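Survey of secondary and tertiary structure
Chain residues, written in single-letter form:
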Amino acid sequence: MIAAGNAALGLWLRCGAYAAQHLTDGIVPGVIARMYGSKPQITKLVAAGLWHEQGHSCRHPKCAQPQPGDYFIHDYLAPYNPSRAEVERKRERAAEKKRRQRGVQDPLPDREGFGGESSANHDGFDDDSSTDRSPENGTSAGHGGASPGDSRGTRAGANPSPPRPSHEGGAGRDQGCRPSLIAADWQPSDEDVQAAQFGRSDLGREQLTAQQIDAVTRKFRQRMLDDQVRAAGFGGRWRQWAENERTEAPGGVVVPFAQQPMTKSQQAIAGLDRLRNGGHSA
């Protein structure tokens, strides 16, 4: 390989990737070789024994004879690269397993035991066709398995599922899953406040007092209403808002952490105001 040189080795790698992608079994079409490299590079690869032309005398049993104008990559096949036939057989086996799994229709959970694996997934594939799932209402009688004598209604009534916790905190979170405007009396939950305080600690900012939290919440509610923001929950947005607020001084009011830069026109007006004020003071 060293004798071929860096440029020729680059051609060898590119054409090797082409052969693997297109399943050519180590054949490099001449048009691809000339497109990826130059004639001197091809000659160096052939001279170094990395490529073979038609009529080569390599004694390796898997170095096939290419067509005129094409080349064969020396020692390309197993154990280094699978053949086209092997790849296609493996793909067909995988596709057949998927077809068998998706062809099984079993809408009810496995009744043979608790958590037993159904026949639809006996090959161990982790895909959406697995029937080892809970009923639609997410409940069952007993300790997680369905009794053969229980109907769907009996199972649902015997052990109703608890309400799922929401990750979007704050009072007013029971507005439902559909996006809606923020409630006029919305307040962050204790978890929201604690998460925001932890976030401020990580950023090296002071903890907010109760008065400052109230001020942040009022501004947050007003901003959400002004922008007509609709969401299923506002706890996460409030936490991010509270983490990015800063205080002017201990006990002071809360002001936005990120100040918007002045535009050129605002800077010009501010400069004129300073000139006028200086003139009056002189």
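A quick note: this is a predicted structure, and the numbers were derived from the prediction, not measured.

A few words now on helix 6 (residues 190-202). Between its first and last C-alpha, helix 6 extends 18 Å over 13 residues, near the 18 Å set by a 1.5 Å rise per residue. Positive backbone phi, approximately 75°, marks glycine 204, located one or two places after helix 6.

The relative placement of two aromatic rings is captured by the distance of their centres and the angle of their planes. Under the defined criterion, the tally for this structure stands at 4 aromatic pairs. An angle of 85° between the planes, with centres 6.4 Å apart, marks the rings of tyrosine 18 and tyrosine 36 as edge-to-face. With a gap of 18 residues between them, tyrosine 18 in helix 1 (residues 6-22) and tyrosine 36 in helix 2 (residues 30-36) connect regions that are remote in the sequence. Both rings, one in tryptophan 186 and one in phenylalanine 220, keep their centres 5.5 Å apart while their planes meet at 45°; by these two values the pair is tilted. Of this pair, tryptophan 186 sits in the loop between strand 4 (180-181) and helix 6 while phenylalanine 220 sits in helix 7 (residues 210-226); the two residues are 34 residues apart in sequence, bridging distant segments of the chain. Put simply, the rings of Trp186, Phe220 and Trp241 touch in pairs and so form one group of aromatic residues.

Here we take up the confidence of the model for the chain. Note that predicted coordinates carrying low pLDDT should not be read in detail. Averaged over every residue, the pLDDT of the chain is 74; residues scoring 70 or more account for 66%. Mean pLDDT across the elements of the chain bottoms out in helix 5 (residues 152-158) (44) and peaks in strand 1 (residues 27-28) (94). Across residues 107-169 the pLDDT falls below 50, and counting only partners more than four positions away or on other chains, this stretch makes 67 contacts in the model. Low confidence marks residues 171-176, where pLDDT is under 50. Its contacts with residues over four positions away, or in another chain, come to 12 contacts.

Here we come to the side chain of serine 83. Relative to the elements of secondary structure, serine 83 occurs in the loop between strand 3 (71-73) and helix 4 (84-103). In this structure serine 83 comes out as buried when scored by relative accessible area, which is 19%. For serine 83, the contacting residues outside a window of four places in its chain are Asp25 and Leu77.

This part covers the nonpolar core. Counting residues in each nonpolar core, the largest one holds 18 residues, and the members touching the most others are Val28, Leu45 and Trp51. Counting only elements with at least two residues in this core, the list comes to helix 1, helix 3 (39-47) and strand 3. Ranked by size, the runner-up nonpolar core spans 13 residues in total, among them Trp186, Ala196, Ala231 and Ala242.

Applying the stated criterion across every chain yields a total of 6 salt bridges. A salt bridge links glutamate 88 to arginine 84, with the shortest nitrogen-to-oxygen separation between them at 3.2 Å. With glutamate 88 and arginine 84 both in helix 4, this residue pair falls 4 residues apart, about one helical turn.

Turning to the environment of leucine 23, a few remarks are in order. Here leucine 23 shows up in the loop between helix 1 and strand 1. In this structure, the C-alpha to C-alpha distance between leucine 23 and proline 82, residues 59 residues apart in sequence, is 8.7 Å.

On to the sheet that holds strand 2 (residues 51-52). Read across the open sheet, the 3 strands follow the order 1-3-2; overall the sheet is antiparallel. Two strands lie at the open edges of the sheet, namely strand 1 and strand 2, each paired on one side alone. Note: strand 1 against strand 3, 2 bridges, orientation antiparallel. Paired with isoleucine 27 across the two strands is phenylalanine 72, which belongs to strand 3. Most of the contacts of helix 1 go to strand 3, to which it runs at about 90°, and overall it touches strand 1, strand 2 and strand 3.

Definitions and limits used
- Residues numbered from 1 in each chain as written.
- Predicted model: local features only at pLDDT ≥ 70, side-chain atom pairs only at ≥ 80, totals over all residues.
- Heavy atoms only, no water.
- Helix = DSSP H or I, 4+ residues; strand = E, 2+ residues; numbered from the N terminus.
- Expected span 1.5 Å × (residues − 1).
- Phe/Tyr/Trp six-rings, centres within 6.5 Å; stacked < 30°, edge-to-face > 60°.
- pLDDT = per-residue confidence, 0-100.
- Contact = heavy atoms within 4.5 Å.
- Buried < 20%, exposed > 50% of the residue type's maximum accessible area, 1.4 Å probe, protein only.
- Core = buried A, V, L, I, M, F, W, Y, C linked by side-chain atoms within 4.5 Å.
- Salt bridge = Lys/Arg side-chain N within 4 Å of Asp/Glu carboxyl O.
- Pairing = 2+ DSSP bridges.
- Axes fitted to C-alpha atoms, helices over the stretch in contact; angles between N-to-C directions.

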